[in-house]
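Report on the structure
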Amino acid sequence: MKAPWEKVAEDGELAPGQVKRITPGGRRLLLCNADGKLYAVDEMCSHEDYSLFLGCIQEGKIKCSLHGSYFDLETGQPTVEPASEPICTYPLRVSDGEVWVNPDQPGSN
Ligand code: FES
């Protein structure tokens, strides 16, 4: 069966530091541009049910604007408390100028 990749953006749509809400497969995710590299991660913080959409991106991490935890965009792991659980990261690929995400293969390393 074909994996459910979904197109979520055009390549180049996000500038470095920008975040976009995406909903592939009905999941609430964020597409993040960290220094020109794209990542797809859970929208909601693992500490409390709060959106990371308003958080800023710094050095490959996204900051939760409620209590200040940082999450590594590559692994989903929290690097600053109070969050102790990771957020999920999702496979992403860029093909023919389009950004695709597979919401059915979440992972956190
Ligand atoms: S809700 Fe994100 S760190 Fe508390």
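Before any of the text, the structure's been laid out above.
Residues numbered from 1 in each chain as written. Predicted model: local features only at pLDDT ≥ 70, side-chain atom pairs only at ≥ 80, totals over all residues.

**Focus: the nonpolar core**
- Residues Leu29, Leu31, Cys32, Tyr39, Ala40 and Val41 are the most contacted members of the largest nonpolar core, which totals 26 residues.
- Within the residue set of this core, elements represented by two or more residues are strand 2 (19-22), strand 3 (29-34), strand 4 (37-42), strand 7 (70-72) and strand 10 (98-101).
- If near-sequence neighbours (up to four positions away) are discounted, Cys32 is found in contact with Val19, Leu38, Tyr39, Val41, Ile57, Ile62 and Leu73. (Core = buried A, V, L, I, M, F, W, Y, C linked by C-beta atoms within 7 Å. Buried ≥ 20, exposed ≤ 12 C-beta atoms within 10 Å, placed from the backbone. Helix = DSSP H or I, 4+ residues; strand = E, 2+ residues; numbered from the N terminus. Contact = placed C-beta atoms within 7 Å.)

**Remarks on the sheet that holds strand 5 (residues 57-58)**
- Strand order in the open sheet formed by three strands is 5-6-7, and the pairing between neighbours is antiparallel. Edge positions in the open sheet fall to strand 5 and strand 7, since each of these has one partner strand only.
- Of the strand pairs in this sheet, strand 5 and strand 6 (residues 61-63) are connected by two bridges, and their pairing is antiparallel. Looking at the pairing, Gln58 lines up with Lys61 of strand 6. (Pairing = 2+ DSSP bridges.)

**Topic: the environment of Leu54**
- Looking at the secondary structure, you find Leu54 in the loop between strand 4 and strand 5.
- Here Leu54 falls in the exposed class, since 11 other C-beta atoms lie within 10 Å of it.

**Focus: the sheet that holds strand 8 (residues 89-90)**
- Strand order in the open sheet made by the four strands is 2-3-4-8, with antiparallel pairing throughout. Either end of the sheet is taken by a strand with one partner, and the two such strands are strand 2 and strand 8.
- Here strand 3 runs beside strand 4; their pairing, made up of six bridges, is antiparallel. Residue pairing across strands places Asn33 opposite Leu38, the latter belonging to strand 4.

**Some points on unusual backbone geometry**
- At the junction of Glu81 and Pro82, the peptide bond is cis and its omega measures out at 20° in the coordinates.
- Although it is not a glycine, Asp35 adopts a positive phi angle of roughly 55°.
- Looking at the element boundaries, Asp35 is found in the loop between strand 3 and strand 4.
- Under the C-beta neighbour-count criterion, Asp35 is labelled exposed, with 10 such atoms within 10 Å.
- Here Glu59, not a glycine, exhibits a phi torsion of approximately 50°, which is positive.

Structural measurements only, silent on function.
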